[in-house]
Each structure stands twice: as C-alpha cells, then as structure tokens.
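Residues per chain are reported as follows:
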Amino acid sequence: MRFETLAIHAGDRPDAATGAISVPIYQTSTFVFEDVGKTRGWDYSRMANPTRSVLEATLAQLEGGKAGFAFASGMAAETTVMHLLKAGDHVVSLDDMYGGTYTLFQGVMNAFGLEFTFVRMDNKQTIEAAIRPNTRMLWLETVSNPLLNVIDLEMVVDIAKRRTLLTVADNTFATPYFLRPIEYGVDLVVHSTSKYLNGHSDVIGGAVVTATDELAQRMQSLLTAMGTCASPFDCWLVLRGIETLPVRMKQHEENAMAVASYLKEQPAVRRVLYPGLESHKGHEIASRQMKGFGGVVSLELKGGVESVNAFLRNLKVFSLAESLGGLTSLAGQSATTSHVAVPKEYREKVGITDELIRLSVGLENIDDLIEDLEQAIRIAQMEA
Ligand SMILES: *Cc1c(COP(=O)(O)O)cnc(C)c1O
C-alpha cells in the first residue's frame, strides 16, 4: 500500500474486537487475564496499549522501519533513545539542532557520563575529525531547526557504517511524507509528533522508529523500564492527525514556497532560509533526497531587534508562539522561543541571531498570509 493509504489503514483497523472504523481509545491501565498466567495479549498499558499499538504500527510503516514507539513528548523519545548508550560513550551531533535537544545533551545527559561534540554536518572531513575511539552515535536533524540546513544522509550513513556507529535522525521538520531516512540506512528516526504528525497544535507527543528488530527490542525494553510512553488519548489524536498528513504537507509546502518567494523579493528582508529556494545552501541535497521542502521558513529582517519586535507584534494572521507544524500559522524569534535555553555565544556561533524569525506556514489562504507579512514588514520598517 502507498503512503496515503497507509496513513489511514495501517495497524489494527478497523478494530478487530468491535469493527469500529475510528480506532477506539482504550483508556485503561490494565487488562483482565484469561486465566492464571494467561493474558488476552495485553497486560498493562505501560508495556503496550491497543490504541498506542495502532499508532506505533502506522509510524513504523510510514517511515519504512521495523517497529514504532509512541512517547509522551519528543523529548521523552529522545531521552529514551539516549539510554541506548552508557557512561563514557561519545556522540557527534549537528550543531544547530533544536534547543531542547541541546539542553538534554549538555544540561542532562552529560551528567550521566555521555560526551558530546557539536559540528556543522555539511562535509565528511568535519564529521570524521570529531569522531573518537569512544564515539557510538551520530545525531542529526534531516532539516535543522531553525536554520533549515539539509543533511546529506548518504554521506553521514557512509561514515557511520564504516565504524558501526548508530545514526539517529530527527525527522520532525521533513516528516516521512517528504523524507524517509531509514531508506538511506539511518538506524533510528525520532519525531516530535507535537508538530506535523499530529498537526493540530493540541498534543505533546514523540515517536521513534527503528530500522532493525534488534533495536526495536532494545527500545521496547527501555520504554517499558523508563515509562516514557504516550497516553491512549494522545495516541488517538496523533492517529487522527496522521490520516490527513499527506494533504496537509502538500498545502504547507505550497504556502511556504509562496511565502519564501515573496520574502526573497522584499528589500527589508536580509535573508530568507527555505530549502525550496535555489539560493538555499541545502537546495541541491534537498532536491535529491526529499519529495518536498516542508512548511517552515526562517528569515532575518533588516533594522535590528526593534524591527524584529515590531514585525512580530503587528502580525495578525500569524500568531506569536513557539512550536510549528500545526494548521495555524505561527511566528517566533528563535532566540527567545525554541532556543531560549541555548547560551547566546553558542547561538551566535552557529548563526541563530536575535534577528532570526521562524515562520511555521499554516493552511490559511495564501493571500491572507502574504498580506499579513506585507503589513507587518511595513510597520517594522517605519519603526526601525
Ligand atoms: C519540538 C521539537 C522537539 C521536541 O519535541 P516536544 O514534543 O516538544 O518534546 C524535538 N525536535 C524538534 C526538531 C522539534 O521541533
């Protein structure tokens, strides 16, 4: 079955027990045994829950992996993945990752003896130079947050395979609709389902898909032991979101492309970052490796922080908020939202300036979105 069909039919659907066409929300902690020592296939919802299992099967099939796991948040998914490692292990990570991931690595996991090196993953030499005898994992985002750098998966996987390093790809921005990292040899795919997979800004959730059965078993053990699983109701909401993922992503992309093309022509805009623009550094890799360029556009306005603040305060259709990937268009200054916990010197070193604005282009009418940007830019220029 093809992507659009899997998004609606994967897993136990319709529900085998009742025939329900909508996946039932099995809001239960425990399941009654058939006999002493004999379950009906389910025992306790931390280990497995029928609603969660449909979502997990759907995630695995959409990413082309062996097994999927649904977590309470993207960060719960990442925290659980990091427990595949042990004290003394070293990780090479991309340097402009999601701010929360940076905090997890540098603020939490290193106290447990994990070591991290952050590099720009745009060439072989830089990555290889960062690898040490104790390196076990390469961590990347397929499209980075917020600079929208696109990583060449063939290059990274080639480096990893020759040294048997685990590769983990955060595929939140691209979604499996546009890119399936496991097809390129990546071992584990991570998602914040709070973003495009759910798509309606009403869930915090996360996911992991593994390329092998061995990794699936280790992830199941960790999830069971750590209790980082998603609730049945949240799984149901994400399932409902995924059913429309293909149509949503097409429209997100069409709107984002129109927004990026408009912004690129504005004299008040210093730079526009969108992998769909030919001027973007990652355009060539993205065109080769992805089916589409996604719905996030970053930009820098001229006129300093005052002009950025005036722009953000005067948007009417775009809402000033953290997050991305929902129906509703959002705008935010990366330095004070997704990357607020990242030290300023580090932010500036990797290119996340105070003037950087990230737009999550939603599904409103494109003319309303562009008129909104137009009027906010006009006010920002007057106040600068
Ligand atoms: C939001 C996000 C996360 C964290 O996910 P939560 O669901 O907020 O815990 C991780 N990676 C990326 C790329 C994100 O955008």
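Keep in mind the model is a prediction, meaning the values are calculated, not measured.

Basis of the calculations
- Residues numbered from 1 in each chain as written.
- Predicted model: local features only at pLDDT ≥ 70, side-chain atom pairs only at ≥ 80, totals over all residues.
- Heavy atoms only, no water.
- Pairing = 2+ DSSP bridges.
- Helix = DSSP H or I, 4+ residues; strand = E, 2+ residues; numbered from the N terminus.
- Near = heavy atom within 4 Å.
- Polar contact = N/O pair within 3.5 Å; in protein donor to acceptor, adjacent residues only side chain to side chain.
- 1 Å grid on protein atoms, 1.4 Å probe; cavity = no way out; pocket = protein on both sides within 12 Å on 5 of 7 lines; lining within 4 Å.
- Sits in = over half its atoms within 2 Å of the grid points.
- Nonpolar A, V, L, I, M, F, W, Y, C, P; charged D, E, K, R; others polar.
- Core = buried A, V, L, I, M, F, W, Y, C linked by side-chain atoms within 4.5 Å.
- Buried < 20%, exposed > 50% of the residue type's maximum accessible area, 1.4 Å probe, protein only.
- Contact = heavy atoms within 4.5 Å.
- Domains from an automatic or database assignment.
- Buried area = accessible area lost by both parts, 1.4 Å probe.
- Salt bridge = Lys/Arg side-chain N within 4 Å of Asp/Glu carboxyl O.

Digging into the sheet that holds strand 11 (residues 330-333)
Now for step 1: Reading across from one edge, 8-9-12-11-10 is the order of the five strands in this open sheet, with mixed pairing throughout. The open sheet is flanked by strand 8 (269-273) and strand 10 (319-320), the only strands paired with a single partner.
Now for step 2: The pairing of strand 9 (residues 296-301) with strand 12 (residues 356-360) spans five bridges and is antiparallel. Paired with L299 across the strands is I357, a residue of strand 12.

Focus: the site of the ligand
Now for step 1: Among the 13 residues in the neighbourhood of the ligand, the closest are listed as G74, D170, S192, S194 and K195.
Now for step 2: In this structure, M75 approaches the ligand through a main-chain N or O atom, which is 2.9 Å from an oxygen atom.
Now for step 3: At a separation of 3.5 Å, an oxygen atom of the ligand approaches a polar backbone atom of G205.
Now for step 4: Comparing atom positions with the cavity grids shows the ligand to sit within the largest pocket.
Now for step 5: Grouping the amino acids of the shell around the ligand by side-chain chemistry returns three nonpolar, seven polar and three charged.

Details of the nonpolar core
Now for step 1: Ranked by size, the top nonpolar core spans 125 residues in total, and within it V81, M82, W139, L263, F311 and L359 carry the most contacts.
Now for step 2: Per-element tally for this core: the top contributor is helix 10 (residues 245-264), with seven residues.
Now for step 3: Apart from residues lying up to four places away in sequence, F311 is in contact with L301, I357, L373, A376, I377 and A380.

Side note on the domain arrangement of the protein chain
It is common to give the size of an interface as the accessible area lost on bringing the parts into contact.
Now for step 1: Taken domain by domain, the protein chain consists of domain 1 (3-242) and domain 2 (245-383).
Now for step 2: For domain 1 and domain 2, the distance between their C-alpha centroids amounts to 26 Å.
Now for step 3: In this assembly, 41 residues from domain 1 lie in contact with 44 residues from domain 2.
Now for step 4: Taking both sides of the interface into account, the surface hidden between domain 1 and domain 2 amounts to around 3500 Å²; carbon and sulfur atoms contribute 63%.
Now for step 5: Considering only the surface of domain 1 that becomes buried against domain 2, Y177, F178 and Y196 emerge as the three largest contributors, covering 24% of it.
Now for step 6: Remark: the boundary between domain 1 and domain 2 carries one salt bridge.
Now for step 7: Here R288 ties to D152 by a salt bridge, and the two come within 3.9 Å at their closest N and O atoms.

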